[in-house]
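Given next are the chains, with one letter for each unit.
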Amino acid sequence: MVHLLRLVGARALCARRVGSPLLPPPTRAISQQAQRQMDTLRPKVREFVERTVRMCQPAEVHVCDGSEAENANLLNQMAESGVLEPLTKYDNCWLARTDPADVARVESKTFIVTEEKRETVPIPRKGRKGMLGNWMSPKALEHAVAERFPGCMRGRTLYVVPFSMGPVGSPLSKIGIELTDSPYVAASMRIMTRMGSKVLETLGDDDFVKCLHSVGRPVPVSKKPINNWPCNPENTIIAHVPSKNEIISFGSGYGGNSLLGKKCFALRIGSTIARREGWLAEHMLILGITNPAGHKRYIAAAFPSACGKTNLAMLQPSLPGYKVECVGDDIAWMKFDDKGVLRAINPENGFFGVAPGTSSATNPIAMKTIFSNTLFTNVAKTSDGGVYWEGLEKEVDTSVGIVDWHGDPWTTGSGAPSAHPNSRFCAPAAQCPIIDPQWESPEGVPISAILFGGRRPLGVPLVYEAFNWQHGVFLGAAMRSESTAAAEHKGKVIMHDPFAMRPFFGYNFGHYLAHWLSMEQRGTPATMPKIFHVNWFRKAATGGFLWPGFGENTRVLDWVLRRVDGEDCAQESAIGLVPKPGSLNLEGLKEAVDMQELFSIPKEFWQQEVSAVAQYLDEQVGEDLPYPIVEELEHLRQRVEKL
Ligand code: GTP
Ligand code: SPV
Ligand code: MN
């Protein structure tokens, strides 16, 4: 940033300005109080703030201390300016409605910036568009910044948000500072991360990840923001510079685009740090599970966005005697300790969970977590000051009036959904009634099994186990899933989403695979996590799900744990180890399940699957595909031919 901002300072006057009025008014000097706050900052932080102030020209600067009083102030200010509405039915809960043009991550405008393109993305075969991330050169970024940032915060307050990913002071944690002109982002970061003065104290004079964020609408705005949600979708860009640990985001105020600790830091920049330092930064939930004998283990699971991580992380076991506790619902940082045991922390401090589909029937634990101190975005609102979304039909009194996520009156059967499919709650993790006692353990929790999975309506069985680590890495590489509303994709198509990380790789996926394969050398064989593939979403010919899912997924976890214990309950199949007939505990299952169909491995489907994966890996990863993955693919092809 230092280097970049210096250049920008020099070029600011001649740079073409986008999304702002032609002649912005001159800025007044920031207040003495803000200047005093800035004077207390240590040199590296202060330099970052001062350079940003010079470039972005905010009207005011506020260094966040993370206190209750500060938070109350922020929330009340946002309520006054119409950014938030209080949800009077609950305790300290608020609703934000975004501009309908700013509702999800924008993968097409997300870039990794490196000197060499190949550091960021494998070179696709001729004529193919690369699908494993977008590369930008440092020069192009410099230009993009110069076009967007000078004066972009005029009339707004710049919030200095110091945050720790992971418990403050844990050896596995990392510190970032987000400079943002969005009070919504500042308040959300206080929920999603450990935020405030303590972080600055812990940081001292060390380096930190520099996160710069602007909604990209200097005041006075050229056109009135929709829903009081300033954003600049035409000029949105989310850029990451791994070599400098920098994130630069412009134009969007929502989710992973703007809460920069989450996908940008913990996954994209995180994966590049993890590669350098020899660990893993993954799009995974972490849960603790105790079996009826009282033996507790931890499981991590990677499913693509909106494919069930939050739900599994908060599972209410249907099998008697089981207990599940939640460590994290979206991101895991995992490192082998000096005994060769893989240990994981959840770098986050809150849940930014998909609202639609969340109900007392599907996720009662989430329902107990989200009705205090929570920011809701793009859900529907009831006339008695509560929230509503698809899935709550049986829980909300139908006599109340409902306004949809646009703020318009809504009734059942009006066609369009009341809540945006990617509407979310942002709630403190500590409020989760089943938060794991070890969730803030500085050394992390030991991981016994890793699950990969996705939405596969056809052909893919409920669960199967990898033959070994190398095969497990292949299962991650070959992941595919039906697209969801969490990103800008249109329609339901089966997309390749290796490791559920396709939108989040911070470096070349081929190198990422080599890194994963190399992890086997770091682990002790006896405690190396076993790898599984699961699919809750297989459908019957009639269209319904074949498996009841949610709490009933305990039955799959039970089988997984018995495999971890070495029980002889699996048999070989063409695609991996599947449960021996009768070994999946179905006792007490309320509805009949067509196990034949749920576990069938249709030859034709798998032949197509093999060619689709082969084509994808060849076209997309090409020269950078590690040989062991090619080998696994060939072995799968041979086994499927024998079906
Ligand atoms: P991100 O926050 O985007 O990373 O999503 P996530 O992986 O945490 O997904 P989440 O748990 O929020 O689930 C998304 C949707 O999947 C919700 O509508 C859930 O109701 C649905 N879902 C979750 N688990 C199951 C399941 O076992 N079976 C079925 N049929 N649906 C499920
Ligand atoms: C996801 O899309 O995987 C999310 C939501 O968890 S966001 O933070 O917007 O990336
Ligand atoms: Mn996610």
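Quick look at the structure, then. Quick caveat, the model's predicted, so the values are computed rather than measured. (Residues numbered from 1 in each chain as written. Chains lettered and ligands numbered in written order. Predicted model: local features only at pLDDT ≥ 70, side-chain atom pairs only at ≥ 80, totals over all residues. Heavy atoms only, no water.)

### Observations regarding the overall build of the protein chain
Here's step 1: The number of helices and strands found in the protein chain is 17 helices and 31 strands.
Here's step 2: What you see for the protein chain is a C-alpha radius of gyration of 24 Å, in line with the 26 Å of a compact globule of 643 residues.
Here's step 3: Judged by the C-alpha coordinates and their principal axes, the protein chain covers about 75 × 60 × 45 Å.
Here's step 4: If you take every contact in the protein chain between residues at least 6 apart in sequence, the share linking residues at least 24 apart comes to 75%.
Here's step 5: Counting only carbon and sulfur atoms, one obtains 53% of the accessible surface of the protein chain, whose full area is about 24,700 Å².
Here's step 6: Computed over 69 positive and 69 negative side-chain charges, the separation of the two mean positions in the protein chain equals 4 Å. (Helix = DSSP H or I, 4+ residues; strand = E, 2+ residues; numbered from the N terminus. Rg over C-alpha atoms; globule rule 2.2 N^0.38 Å. Contact = heavy atoms within 4.5 Å. Areas by Shrake-Rupley, 256 points an atom, 1.4 Å probe, with all protein chains shown as cover. Lys, Arg positive; Asp, Glu negative; His and termini not counted. Charge placed at Lys NZ, Arg CZ, Asp CG, Glu CD.)

### Re the site of ligand 1
Here's step 1: If you check the shell around ligand 1, you find 22 residues, and the closest are Ala306, Lys309, Thr310, Asn311 and Arg424.
Here's step 2: One nitrogen or oxygen atom from the side chain of aspartate 330 is found 3.0 Å from an oxygen atom belonging to ligand 1.
Here's step 3: In isolation ligand 1 offers 660 Å² of accessible surface; the protein chains occlude 92% of this area.
Here's step 4: Per-class residue counts for the shell around ligand 1 are 10 nonpolar, 8 polar and 4 charged. (Near = heavy atom within 4 Å. Polar contact = N/O pair within 3.5 Å; in protein donor to acceptor, adjacent residues only side chain to side chain. Nonpolar A, V, L, I, M, F, W, Y, C, P; charged D, E, K, R; others polar.)

### Notes on the coordination of the manganese ion (ligand 3)
Here's step 1: Distances from the manganese ion (ligand 3) to its protein donors, Lys263 (NZ), His283 (NE2) and Asp330 (OD), fall at 2.1 to 2.4 Å.
Here's step 2: Around the manganese ion (ligand 3) sit 6 donor atoms, and with donor-metal-donor angles ranging over 69 to 177° the site reads as octahedral.
Here's step 3: Along the chain, the residues that donate to the manganese ion (ligand 3) are spaced as K-x19-H-x46-D. Residue histidine 283 is located in the loop between β12 (280-282) and β13 (285-290), and its partner aspartate 330 is located in the loop between β15 (323-328) and β16 (332-336); the two are separated by 47 residues in the primary sequence. (Donors = N, O, S within 2.8 Å, 3.2 Å for Na, K, Ca; no water. Tetrahedral: all angles 85-135°; square planar, octahedral: opposite > 155°, others 65-115°.)

### Some details on the site of ligand 2
Here's step 1: The environment of ligand 2 is formed by Arg105, Gly255, Gly256, Lys262, Lys263, His283, Ser305, Asp330, Phe352, Arg424, Ala486 and Phe504.
Here's step 2: In this structure, an oxygen atom belonging to ligand 2 sits 2.8 Å away from a main-chain N or O atom of glycine 256.
Here's step 3: Here an oxygen atom of ligand 2 sits 3.4 Å away from a polar atom, N or O, in the side chain of aspartate 330.
Here's step 4: Isolated, ligand 2 exposes 290 Å² of accessible area, and the fraction of that covered by the protein chains is 98%.
Here's step 5: A breakdown of the residues in the shell around ligand 2 according to their chemical character gives 3 nonpolar, 4 polar and 5 charged.

### Focus on the pairing of strand β17 (residues 342-345)
Side chains on a regular strand alternate between the two faces of the sheet.
Here's step 1: Bridge analysis of β16 against β17 gives 4 bridges, and the strand direction is antiparallel. Counted as the bridge partner of phenylalanine 336 is leucine 342 from β17.
Here's step 2: Following β16, the chain reverses through 5 residues before pairing antiparallel with β17; glycine 340 in that reversal takes a positive phi of roughly 80°.
Here's step 3: Sheet topology places β17 next to strand β25 (residues 445-453); 2 bridges connect them, and they run antiparallel. (Pairing = 2+ DSSP bridges.)

### Details of the state of the cysteines
Here's step 1: By the definition in use, this model includes 0 disulfides.
Here's step 2: Not part of a disulfide, cysteine 93 finds its nearest cysteine sulfur in cysteine 426, a span of 11 Å.
Here's step 3: Free of any disulfide, cysteine 264 has its nearest cysteine sulfur in cysteine 211, 7.8 Å distant. (Disulfide = S-S within 2.5 Å.)

### Some details on the environment of aspartate 99
Here's step 1: Its location among the elements puts aspartate 99 in the loop between β3 (94-96) and β4 (110-113).
Here's step 2: Remark: the alpha-carbon pair of aspartate 99 and proline 233, spanning 134 residues in sequence, is separated by 9.6 Å.
Here's step 3: Discounting residues that sit within four places of it in the chain, aspartate 99 has contacts with Ile226, Trp229 and Cys231.

### A closer look at the packing of aromatic side chains
Here's step 1: Throughout the structure, instances matching the rule amount to 25 aromatic pairs.
Here's step 2: Each ring, one from phenylalanine 499 and one from tryptophan 516, has its centre 4.9 Å from the other, and the planes form 50°; the classification is tilted. Taken together, the residues span a long stretch of sequence, with phenylalanine 499 in the loop between β28 (494-496) and α13 (509-522) and tryptophan 516 in helix α13 at a distance of 17 residues. Here the two residues phenylalanine 499 and tryptophan 516 agree in accessibility, since each one is buried.
Here's step 3: Ring plane angle 75° and centroid distance 5.7 Å describe the contact between phenylalanine 605 and tryptophan 606, whose orientation is recorded as edge-to-face. Summarising the burial analysis for this pair, phenylalanine 605 and tryptophan 606 share the class buried. (Phe/Tyr/Trp six-rings, centres within 6.5 Å; stacked < 30°, edge-to-face > 60°. Buried < 20%, exposed > 50% of the residue type's maximum accessible area, 1.4 Å probe, protein only.)

### Some thoughts on the pattern of salt bridges
Here's step 1: Under the criterion given, the structure shown has 38 salt bridges.
Here's step 2: Here arginine 190 ties to glutamate 68 by a salt bridge, and the two come within 3.8 Å at their closest N and O atoms. Of this pair, arginine 190 sits in helix α7 (residues 183-192) while glutamate 68 sits in helix α4 (residues 68-80), and the two are 122 residues apart along the sequence.
Here's step 3: We note a salt bridge from arginine 562 to glutamate 567, for which the minimum N-O separation is 3.2 Å.
Here's step 4: For arginine 562, a relative accessible area of 16% translates into the label buried.
Here's step 5: Put simply, Lys262, Lys263, Lys309, Asp330 and Glu348 are held in one network by salt bridges that share partners. (Salt bridge = Lys/Arg side-chain N within 4 Å of Asp/Glu carboxyl O.)

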